[in-house]
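So the chains spell out like this:
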Amino acid sequence: MAGTVLRASTRQLLVQRSHLLAPVTGYHARAKVGNRDIVGFGLNGEPTYVDRGDFPCPAVRFMENTADVYSMREKEKTSWIGLSMDDKKALYRASFCQTFAEMHAQGTGEWKSLTAGTIFGITLALWIVILVKLYVYEKPPHTLSDEWKAASLKRIIDQQQGRIEGLSSNWDYEKKEWK
Amino acid sequence: MLRNVITKLSQPARSLIQQNISRGAAASLARGYSSKAHETDEEFDRRYEAYFNRPDIDGWEIRKGINDLCGHDLVPEPQIISAALRACRRVNDYALAVRVVEAMKNKCGNKEKEIYPWLLQEIRPTLDELGINTPEELGYDKPELWLEDVHDIH
């Protein structure tokens, strides 16, 4: 009997102690909350607002409580069937920043400018190739001319280089033409 | 001496094994080998419905319940959603009710076209009774306002 009483009193003391600790842990978040209602646990117990698909109910309402908000709350207490569309939307926006559709529709159209920039860069590079070929490079060596290459090939065939499996094996020596 | 010790140690293990065999026959859920207690789907549904049906529930508890419910890998049963909507009515929070419906739509994932119309049909009586509009009726199925993403650094 005495043991249970003692345990109950220590538990109460611990509960009181944790109430003292609680403001310290959320101090900076609480300072920024201002006039907003803290309405839930949110992500992690801190009074923060985040729009997340997997945590639909944030810890604070989005907008601060002003006179308009208070009058809306009074209307909310009566039947909801009488509320106008504007009232309903205003109530939603007072509690939440973005709807789910807005959360998930973060398309900026940035891909268009990125694609355009990429294509422009490739074009620039190709232009540089052309201009370098025209103005920077010297003439190719004379050994790359067609006549030189033809004479070189004739020499290879006359010397019978690769007679069995190589280049000259494709030359028919009787008929003097390629096989 | 050693034999006595070993037989003494194996006795509780033997009785545990026997207990597990009998419990396995009674459990209706798929067999898992974790040490956590399993609950069936119906128990899960009943637990959440009872949670939201509490007459003295407050906004904090509804939001915590919804966040936890959305953490599970399932689309909640319509009874649970109806109970949550009625709880929102009790705490006079219209925005929360719409948010609940939106969250359930989001939970349908890529099977939204199959599940969401059925879901709406099932909770339509509750929606009409309490005067809650679906996000589509409010025009919130398409984005209405634009907010610059915090990750856009250009």
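Fair warning: this is a prediction, and the values are worked out from it, not measured in the lab.

Calculation notes
- Residues numbered from 1 in each chain as written.
- Chains lettered and ligands numbered in written order.
- Predicted model: local features only at pLDDT ≥ 70, side-chain atom pairs only at ≥ 80, totals over all residues.
- Heavy atoms only, no water.
- Contact = heavy atoms within 4.5 Å.
- Buried area = accessible area lost by both parts, 1.4 Å probe.
- Salt bridge = Lys/Arg side-chain N within 4 Å of Asp/Glu carboxyl O.
- Polar contact = N/O pair within 3.5 Å; in protein donor to acceptor, adjacent residues only side chain to side chain.
- Helix = DSSP H or I, 4+ residues; strand = E, 2+ residues; numbered from the N terminus.
- Nonpolar A, V, L, I, M, F, W, Y, C, P; charged D, E, K, R; others polar.
- Disulfide = S-S within 2.5 Å.
- Phe/Tyr/Trp six-rings, centres within 6.5 Å; stacked < 30°, edge-to-face > 60°.
- Buried < 20%, exposed > 50% of the residue type's maximum accessible area, 1.4 Å probe, protein only.

### Some points on the interface of chain B and chain A
At the junction of the two partners, chain B supplies 39 residues and chain A supplies 40 residues. In this assembly, chain B packs against chain A so that about 3400 Å² is buried in total across both faces, 58% of it on carbon and sulfur atoms. Connecting chain B to chain A are four salt bridges. Counting across the interface, chain B meets chain A through 20 residue pairs in polar contact (both at pLDDT 80 or more). Listing elements by their share of the side of chain B that touches chain A, those giving two or more residues are helix 3 (59-71), helix 4 (78-90), helix 5 (94-107), helix 6 (112-130) and helix 7 (135-138) of chain B. In the side of chain B that touches chain A, the residues fall into 18 nonpolar, seven polar and 14 charged.

### Overview of the state of the cysteines
If you walk through the whole model with that rule in mind, you get zero disulfides over all chains. You can see C57 of chain A has no disulfide; the closest cysteine sulfur is in C70 of chain B, sitting 7.1 Å from it.

### Quick notes on the packing of aromatic side chains
Applying the stated criterion to the full structure yields nine aromatic pairs over all chains. Measuring from centroid to centroid gives 5.1 Å for Y92 of chain A and F96 of chain A, while their planes differ by 45°, and the two rings are tilted. Classification of Y92 of chain A by relative accessible area gives buried; the value is 0%. Seen from their ring centres, Y92 of chain A and Y140 of chain B are 5.0 Å apart, and the 40° between their planes marks the pair as tilted. Taken together, the residues span two chains, with Y92 of chain A in helix 4 (residues 85-95) and Y140 of chain B in the segment after helix 7. Comparing Y92 of chain A with Y140 of chain B shows no difference in burial state: the two are buried. Every member of this aromatic cluster is reached through a ring pair, and the members are F44, Y48, Y51 and F52 of chain B.

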